[in-house]
Amino acid sequence: MKTAMKKSLIWLALSLLMSIFWIVGLMIGNALFPSTLMESSGDANRSGDFFLLITSALNAFAVLYFIYNSRRYGWKLVGSIFLVLFGIQFFMSQIETVWFNDSLKMEPNLIMTIVVGGAIMAFLFAIAATMLTGRF
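Treat the numbers as computed from the prediction; the structure is a model and nothing was measured. (Residues numbered from 1 in each chain as written. Predicted model: local features only at pLDDT ≥ 70, side-chain atom pairs only at ≥ 80, totals over all residues. Heavy atoms only, no water.)

Engineer: I keep staring at the overall build of the protein chain and nothing clicks. Help me out?
Structural biologist: Looking only at helices and strands, the protein chain has 5 helices and 0 strands in total. Secondary structure elements of the protein chain occur, N-terminal to C-terminal, as α-α-α-α-α. A principal-axis box enclosing the C-alpha atoms of the protein chain has dimensions of 50 × 35 × 25 Å. Across the 136 residues that make up the protein chain, the buried fraction comes to 36%. Once local pairs closer than 6 in sequence are excluded, the contacts in the protein chain between residues at least 24 apart make up 81%. (Helix = DSSP H or I, 4+ residues; strand = E, 2+ residues; numbered from the N terminus. Buried < 20%, exposed > 50% of the residue type's maximum accessible area, 1.4 Å probe, protein only. Contact = heavy atoms within 4.5 Å.)

Engineer: Just checking my understanding: could you explain helix H2 (residues 47–68) for this structure?
Structural biologist: Along an α-helix, residues three or four positions apart point the same way, because every turn accommodates 3.6 residues. The end-to-end C-alpha distance of H2 is 32 Å, a good match for the 32 Å that 22 residues give at a rise of 1.5 Å each. Taken together, the buried positions of H2 are Ser56, Ala57, Asn59, Ala60, Val63, Leu64 and Ile67. Considering only its buried residues, H2 is in contact with helix H1 (2–32), helix H3 (74–99) and helix H5 (108–132). (Expected span 1.5 Å × (residues − 1).)

Engineer: In this structure, what is going on with the packing of H1 against H2? I would like to understand it.
Structural biologist: Two measures define how a pair of helices packs: the angle their axes make with one another and the distance between the axes. The geometry of H1 relative to H2 is characterised by a closest axis approach of 8 Å and an angle of 125 degrees between their N-to-C directions. As far as their axial angle goes, H2 and H1 are oblique. You can see that H1 and H2 cross each other, and the crossing is right-handed. Across from Lys7, Ile10, Trp11, Leu14, Ser15, Leu16, Met18, Ser19, Trp22 and Ile23 in H1, the residues of H2 making contact are Leu52, Leu53, Thr55, Ser56, Ala57, Asn59, Ala60, Phe61, Leu64 and Tyr68. A per-class count over the contact of H1 with H2 returns 14 nonpolar, 5 polar and 1 charged. (Axes fitted to C-alpha atoms, helices over the stretch in contact; angles between N-to-C directions. Parallel < 35°, antiparallel > 145°, perpendicular 65-115°, else oblique. Left-handed = near helix turned anticlockwise from the far one by under 90°. Nonpolar A, V, L, I, M, F, W, Y, C, P; charged D, E, K, R; others polar.)

Engineer: Honestly, the side chain of Ser56 in this entry has me stumped. Any pointers?
Structural biologist: Note that Ser56 resides in helix H2. Filtering out sequence-adjacent residues up to four positions away, Ser56 remains in contact with Ser15, Met18, Ser19 and Trp22.

Engineer: Where do I start with the nonpolar core in this structure?
Structural biologist: Here is a general trend for soluble globular proteins: nonpolar side chains tend to be buried in one another's company. With 27 residues, the main nonpolar core has Leu14, Val63, Ile81, Leu85, Met121 and Phe125 as its most contacted residues. Residue assignment for this core shows that the elements contributing at least two residues are H1, H2, H3 and H5. With 11 residues, H5 is the single largest residue contributor to this core. Leave out the neighbours within four places in its chain, and Phe125 touches Leu14, Met18, Phe21, Ala60, Val63 and Leu85. (Core = buried A, V, L, I, M, F, W, Y, C linked by side-chain atoms within 4.5 Å.)

Encoded structure:
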């Protein structure tokens, strides 16, 4: 029972941390490559915040499953988590964006903001997840 409660609390903490790191990463990426990403759309009901938390909770759950079933510890685990998160969530999707940019018409600074912000988020989250689970 204690273990389940501890894992649930870790999952909740990592869900919140991922949301925070996502916002911080994109803010830093936007500072380095100014774009329209951080402009407010006037969303009155703030549904975007809710969906960010849901996405972060699902991602944190998947990463925790990976961590608890991994044989790696320390920096090797941090590197593995970083590669998985960054590779799937940000790098692969932006490769598609670049490839189909004739149709999408995204500005290069916006793409760079997303890639740099994603790298920052993935790195910070990988360290936090490894530390909170005691696998460092």
